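Listed below, chain by chain, are the residues.
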Amino acid sequence: MVDNPNHDPKKGKMEMENNTEFILKQAILLERRGKTFYTQVAGKSETPAVKEFFEMMAAEEDQHEKILSEQFKAFQDHGQFIPTTLPEDTTEMTASKILTADLKNKIAAAGFEAAAISAAMSMEERAIRIYSDQARQTDDPREKAVYQWLAGWESRHLDLLSRLDRELTESIWNDNSFWPF
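Residues numbered from 1 in each chain as written. Predicted model: local features only at pLDDT ≥ 70, side-chain atom pairs only at ≥ 80, totals over all residues. Heavy atoms only, no water.

Caption draft 1: The arrangement of the packing of helix α2 (residues 48-78) against helix α5 (residues 111-137) in detail. The geometry of α2 relative to α5 is characterised by a closest axis approach of 13 Å and an angle of 20 degrees between their N-to-C directions. Comparing the axis directions of α2 and α5 gives the class roughly parallel. As α2 runs across α5, the sense of the crossing is left-handed. Residues V50, F54, M57, E61 and L68 of α2 lie in contact with α5, whose contacting residues are E113, A116, I117, E124 and Y131. When its residues are assigned to classes, the contact of α2 with α5 shows seven nonpolar, no polar and three charged. (Axes fitted to C-alpha atoms, helices over the stretch in contact; angles between N-to-C directions. Helix = DSSP H or I, 4+ residues; strand = E, 2+ residues; numbered from the N terminus. Parallel < 35°, antiparallel > 145°, perpendicular 65-115°, else oblique. Left-handed = near helix turned anticlockwise from the far one by under 90°. Contact = heavy atoms within 4.5 Å. Nonpolar A, V, L, I, M, F, W, Y, C, P; charged D, E, K, R; others polar.)

Caption draft 2: Local environment of the pattern of salt bridges. According to the stated counting rule, one finds six salt bridges in the structure shown. Ionic pairing is found between R32 and E65, a salt bridge with its closest N-O pair at 2.7 Å. Here R32, found in helix α1 (residues 9-44), pairs with E65, found in helix α2; they are 33 residues apart in sequence, far enough to count as distant. Looking at R32, the relative accessible area reads 43%, which means it is partly exposed. Put simply, D77 and K73 hold a salt bridge, and the shortest N to O gap is 2.8 Å. Of this pair, D77 and K73 both sit in helix α2, four residues apart, which is roughly one turn of the helix. Overlapping salt bridges bring together K35, D62 and K66 as one network. (Salt bridge = Lys/Arg side-chain N within 4 Å of Asp/Glu carboxyl O. Buried < 20%, exposed > 50% of the residue type's maximum accessible area, 1.4 Å probe, protein only.)

Caption draft 3: Layout of the side chain of E31. Secondary-structure assignment places E31 in helix α1. The buried charged residue E31 lacks any salt bridge, with R32 as its nearest oppositely charged partner at 10 Å. Sequence-distant contacts of E31, defined by excluding residues within four places in its chain, comprise E61, H64, E65, L68, Y131 and E154. (Lys, Arg positive; Asp, Glu negative; His and termini not counted.)

Here it is in structure tokens:
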């Protein structure tokens, strides 16, 4: 094996640490923005069911931020992720309680919330991409587990938002005779 005179083993480790720290900072910021966004939408909603839906989304983003912040601190202190118990995803169970016909009708009639759903879908897609990419790139099993868990959770958020968006769109098309057949 020929030694590369330009290769610095410490530099490789620093780049990995900096990349992991960068990803964690980016992820924390993404979750914080999501929480703020969902909180703002909930605060502007006058419908209790709509408010509850967006408050649930904000609470989950807050939970994600706390988990990522804990891992960030551990990574800074010890250079690795710590074992953590990741909470069960109750999005689907909660969604079935929240996504009632009343909620869909209220959102269909309220353009702001419908637009917020579209914007939220973009945020969730970005989060999924970041978490999935990092899960594929890391060799650390703890880090991989955290990012896979987050990607899965955000995928369920996206699925929930997509279903709601699809149902609202179909409702609007139905109400306005936009069906092409």
